[in-house]
Amino acid sequence: FFFLMIRRPPRSTQSRSSAASDVYKRQGINAEYMGYNKELELEQNRVMLKSFYDNDCSTWNPQGKLFQVEYAMEAVKQGSICVGLRSNQAAVLCSLKRAQSELASHQEKIFKLDDNIGMSMSGLTADARILCKFMRNECLNYRYTYGSQHPITRLIEKVASKSQAKTMASYKRPYGVGLLVIGVDQDGPHLFETCPSANYYEYYAYAIGARSQSARTYVENNQERIKAASLDHLILHGLQGCLLYTSDAADDLLCVDLGGRRIIKKKK
C-alpha cells in the first residue's frame, strides 16, 4: 500500500487579513439586515398589539386608551362644521350643508327636537338620526307626563348615559357623532356639546367638525361681544364663523339691513 499526503502551503499574512475583512464585511451586512428585520418586526408587533386592543370598545390598551372611542372622536372631526353660540338673550346654531356629489341633495344638519330645543350634528348622520329620534321621544314623553317642556340639562344627561352604555359592552360601538344642542328654559339660553365618549360640556360658543379651529378662534376673540349680542348679531357671528371654513371668504361679506332683517351678501 502506498499513501500520498499533500500539504497546502500556508497563506500569506496579507491574504489572511483580506479574507478576515471580507468575513467582517459580510457579517456587517448581515448585522444591518438583521437590525432592519428587527425594526420591522417591532413595528409589526406594535400594529398587531394595536389591532388587538381595538377589536372592541371595552378593552384598554397599556396606555389607558380605548381605541374605538378615539376612532369615534375622529369621525366627528371629519364631519362638516357646526357652530353654536349663545348670548344672554338667545342661542343660535349654524352649519354647512355638504352634498356627496353635484347630483346629490344636501344632508340636513340641524334638527328641531322641541319648541325650545334644537340640535346640530357632525359625524355619522345615521347615528345622529338615532339620537335625534331618542331625544324627540324623551321630549314628547316628558310633555305628556308633566305637561311642560323637557329641561335641557336633564335631556343632555340622558344622551350622555345612552352614549356611555355603548362604551361598556364588547358587542357595541360608540356613536360616531358629536352634537351641539341649544335650548331655552327658565334659566335662560343654553349651549351643550356631547361627545362619543359620553362627556358633555356647556359653552357660550363652540364649533365642531372639520377645520373648526378657525371658527373656535373667531368666537374666542369675540367672546365678550357674543355674550351681549342680540339675535341678529348672534346670527351674523355664527355665519362668519361657519364661512371661515372656506378659507377667508368671511372677509368678503357685506351686511345689509333689509326691512329690519340683516342679509349677508358677497362683496362685488
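Nothing here was measured: the structure is a model prediction, and the numbers come from that model.

Asker: Can you walk me through the side chain of Glu 193 in this structure?
Answerer: Checked against the element boundaries, Glu 193 lands in strand β6 (residues 188-194). Polar side-chain contacts of Glu 193 include one of 3.4 Å to the side chain of Tyr 203. Glu 193 has contacts with Leu 179, Leu 180, Asn 199, Tyr 200, Tyr 201, Tyr 203, Tyr 206 and Ile 208, leaving out every residue within four places of it along the chain.

Asker: I'm lost on the sheet that holds strand β8 (residues 205-208) in this one. Help?
Answerer: In spatial order, the strands read β2-β1-β8; together these 3 strands make up an open sheet with antiparallel pairing. Looking at which strands have only one partner, the edges of the open sheet turn out to be β2 (91-95) and β8. Sheet twist, expressed as the average angle between the axes of neighbouring strands with direction ignored, equals 10°. One ladder, built from 4 bridges, connects strand β1 (residues 82-86) with β8; its direction is antiparallel. Paired with Gly 84 across the strands is Tyr 206, a residue of β8. Strand contacts of helix α5 (residues 213-221): β1 and β8, with the helix running at about 175° to β8, the strand carrying the most contacts. Here helix α7 (residues 231-243) sits on the sheet in contact with β1 and β2, set at roughly 25° to β2.

Rules of the game
- Residues numbered from 1 in each chain as written.
- Predicted model: local features only at pLDDT ≥ 70, side-chain atom pairs only at ≥ 80, totals over all residues.
- Heavy atoms only, no water.
- Helix = DSSP H or I, 4+ residues; strand = E, 2+ residues; numbered from the N terminus.
- Polar contact = N/O pair within 3.5 Å; in protein donor to acceptor, adjacent residues only side chain to side chain.
- Contact = heavy atoms within 4.5 Å.
- Pairing = 2+ DSSP bridges.
- Axes fitted to C-alpha atoms, helices over the stretch in contact; angles between N-to-C directions.

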